[in-house]
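The residues making up each chain are set out below.
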Amino acid sequence: NELVFSGVQPTGNLHLGNYLGAIKRFVEMQNRDAQCLYCVVDMHAITLWQDPQALRGQIREVTAAFLAAGIDPRRSIVFNQSQVPAHAELAWIFNCVARIGWLNRMTQFKDKAGKDRENASVGLYAYPVLMAADILAYRATHVPVGEDQKQHLELTRDIAQKFNTDFAGSIMAHGHGEDGFFPVTEPLIGGPAARVMSLRDGAKKMSKSDASDNSRINLTDDQDLIAQKVRKAKTDPDPLPSEAEGLKGRPEADNLVGIYAALAETTREAVLAQYGGAQFSAFKGALVDLAVEKLSPINAEMKRLTADPGHIDAVLADGAARAEAIAAPTLDAVKDIVGFVRRT
Ligand code: TYM
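Sequence order as written defines the numbering, with residues in each chain counted from 1. Under the rules for a predicted model, residues below a pLDDT of 70 receive no local features and side-chain atom pairs below 80 are neither given nor counted, while totals for whole chains, interfaces and linings still include all residues. As a rule here, side-chain values come from all non-hydrogen atoms in the structure, and water together with hydrogens is ignored.

**A few points about the state of the cysteines**
- Note on terminology: pairs of cysteine sulfur atoms within 2.5 Å are recorded as disulfides. Tallied over the entire structure, the rule returns 0 disulfides.
- Among the cysteines around Cys36, which has no disulfide bond, Cys39 carries the closest sulfur, lying 13 Å off.
- For Cys39, a relative accessible area of 0% gives the class buried. Note on exposure labels: buried denotes an accessible area under 20% of the residue type's maximum, exposed denotes more than 50%, and partly exposed covers the range between, all computed with a 1.4 Å probe on protein chains only.

Dropping the structure here:
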């Protein structure tokens, strides 16, 4: 049985990378009729301090982005992490399965903790373990994410496998099959926008935390701002190549062509077949038109939805109840497997 899970942090500034690398692909998975759970990971967000009032707004804004992008909360389960206690409970058990050496290799922790590592929160360090719990509380088989999450998904696989071997006897004794209790989840990383880069620097990924707002297109940007940012985007002086091979060593050109391809739901090759030989001024004009065409309806719908927080909160409450109904029996089974005495 296919079960899709993915999460997005409510840390402000949802951008084109989040949309093309993740949210747009969530909608595609839903439309392929898989059971999908899409989670606003508020517990991950507080690994770096968040202003409480702002956090509430950001949780509702990510939810609004999911819905505006085309996630149907009746078909998919849309919820925020902190409403389903199974995530935190399973994370603790996984903290006792994962090894310190595994976490020490996580590059995102090194990036986010910076130089003052001693002063980073314990939560920031344990972050990937909570992520494994998010996924495995539902025994999800497929996880659509951008490329930056690849290492975390490998850790999720390691945790699932170690749990399955550490508790193999107990897993069998409780009537679960030879294959172990947790599936070894498949990451779904792909498409032309698995790693959208900064508009100011083709060597840096587009990120919520970049100091320059011109480095990213936010889902809340209006069409004038989108046009301005695309026109200012860094490029090189040469016209576009006519084949994808010609994008090698031209990171900024590669990025803009990739963004165009993802928005148009095509490939870099097809975009270059049309625009090969064009100057950037012309290509950027076409990219502005396409980006505005695709993003303005989402932007307008997000505005409409965030004006009614009561509706968003009702969607999240309904999603949490449905998510809990899937996760709770998994957690019960895990507690039995680990050897906890249960209330009868
Ligand atoms: P987050 O909130 O940083 O990003 C949400 C999603 O957007 C993708 N993404 C990008 N894709 C392409 N280009 C970019 N420049 C870019 N920037 C971000 C991310 O890869 C992600 O898919 N740890 C996760 C959230 C999470 C999660 C999970 C994901 C928590 N639990 C369980 C999957 C399954 C994160 O911080 O994503």
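**Brief notes about the side chain of Ser76**
- Tracing the sequence through the fold places Ser76 in the loop between helix H3 (52–69) and strand S3 (77–80).
- The criterion used for residue contact is that any of the two residues' heavy atoms lie within 4.5 Å. Setting aside anything within four residues of it in sequence, one finds Ser76 in contact with Gln30, Cys36, Tyr38, Ile71 and Arg322. Strands here mean DSSP runs of E at least two residues long; helices mean DSSP runs of H or I at least four residues long; both are numbered from the N terminus.

**Focus on the packing of aromatic side chains**
- In this analysis, rings of Phe, Tyr and Trp, with Trp reduced to its six-membered ring, are considered paired at centre separations within 6.5 Å, and the interplanar angle assigns stacked below 30 degrees, edge-to-face beyond 60, and tilted for intermediate values. Under the criterion given, the structure shown has 15 aromatic pairs.
- Ring geometry for Tyr38 and Phe66: centres 6.4 Å apart, planes at 65°, overall edge-to-face. Residue Tyr38 is located in strand S2 (residues 35–40), and its partner Phe66 is located in helix H3; the two are separated by 28 residues in the primary sequence. In terms of burial, Tyr38 and Phe66 fall into one category: buried.
- Centroid distance Phe163 to Phe181: 6.5 Å. Interplanar angle 50°. Geometry classified as tilted. Linking Phe163 in helix H8 (residues 150–166) with Phe181 in the loop between helix H9 (168–173) and strand S5 (186–188), this pair joins segments that are 18 residues apart in sequence.
- With relative accessibility at 2%, the residue Phe181 sits in the buried group.

**Here we look at the domain arrangement of the chain**
- Residue ranges for the domains originate in an automatic or database domain assignment. Segmentation of the chain into domains returns domain 1 (3–194 + 308–338) and domain 2 (213–304).
- Relative placement of domain 1 and domain 2: their C-alpha centres are 30 Å apart.
- Contacts between the two partners involve 15 residues from domain 1 and, on the opposite side, 18 residues from domain 2.
- For this document, the term salt bridge refers to a Lys or Arg side-chain nitrogen within 4 Å of an Asp or Glu carboxyl oxygen. At the surface where domain 1 touches domain 2, the tally comes to 1 salt bridge.
- The partner of Glu265 in a salt bridge is Lys24, and the shortest N-O contact between them spans 2.7 Å.
- Polar contact is the term for a pair of N or O atoms within 3.5 Å; when the atoms are in protein, one must be able to donate a hydrogen and the other to accept it, and sequence-neighboring residues count only if both atoms are side-chain atoms. On the surface where domain 1 and domain 2 come into contact, there are 4 residue pairs in polar contact (both at pLDDT 80 or more).

**Observations concerning the UniProt feature "short sequence motif: 'HIGH' region" (unreviewed entry) in the chain**
- In this numbering, the UniProt entry assigns the feature "short sequence motif: 'HIGH' region" (unreviewed entry) to residues 10–18.
- Helix makes up 33% of residues 10–18 and strand 0%, whereas the separation of the span's terminal C-alpha atoms amounts to 11 Å. UniProt positions are given in the numbering used here, feature names are shortened, and annotations may be inferred rather than shown by experiment.

**Notes on the packing of helix H11 (residues 251–263) against helix H12 (residues 268–275)**
- Fitted lines through C-alpha atoms give the axes, limited to the stretch in contact for helices. The angle between two N-to-C directions lies from 0 to 180 degrees. Their axes nearest at 8 Å, the elements H11 and H12 cross at an angle of 105°. With respect to H12, the axis of H11 lies roughly perpendicular. For the pair formed by H11 and H12, the contact residues are Asp254, Val257, Gly258, Tyr260 and Ala261 on the first element and Arg268, Val271, Leu272 and Tyr275 on the second.
- Asp, Glu, Lys and Arg are counted as charged, while Ala, Val, Leu, Ile, Met, Phe, Trp, Tyr, Cys and Pro are counted as nonpolar; the rest, among them Gly, fall into the polar class. Tallied by class, residues from the contact of H11 with H12 come to 6 nonpolar, 1 polar and 2 charged. An angle below 35 degrees is read as roughly parallel, one above 145 as roughly antiparallel, one from 65 to 115 as roughly perpendicular, and any other as oblique.

**Regarding the pattern of salt bridges**
- The full count for this structure, using the stated rule, is 21 salt bridges.
- Between Arg322 and Asp318 there is a salt bridge, with its nearest N and O atoms 2.9 Å apart. A residue pair is termed a helical-turn pair when its members lie 3 or 4 positions apart in one helix, as Arg322 and Asp318 do in helix H14 (residues 309–338) at 4 residues.
- Look at Arg322 and you get partly exposed, because its relative accessible area is 26%.
- Judged by relative accessible area, which is 41%, Asp318 ranks as partly exposed.
- Via salt bridges that share partners, Asp213, Arg216, Asp221 and Lys229 belong to a single interconnected network.

**Considerations on the environment of Arg32**
- Among the secondary structure elements, Arg32 is positioned in the loop between helix H1 (16–31) and S2.
- The exposed category is assigned to Arg32, whose relative accessible area is 60%.
- Considering only alpha carbons, one finds Arg32 and Lys110, 78 residues apart in sequence, at a separation of 37 Å.

**Concerning the environment of Tyr127**
- In this structure, Tyr127 sits in helix H7 (residues 122–136).
- Tyr127 sits in the buried class, given a relative accessible area of 5%.
- With 93 residues separating them along the chain, Tyr127 and Thr220 place their C-alpha atoms 27 Å apart.
- When sequence neighbours within four positions are dropped, the list of residues in contact with Tyr127 reads Gln9, His44, Thr47, Gln108 and His152.

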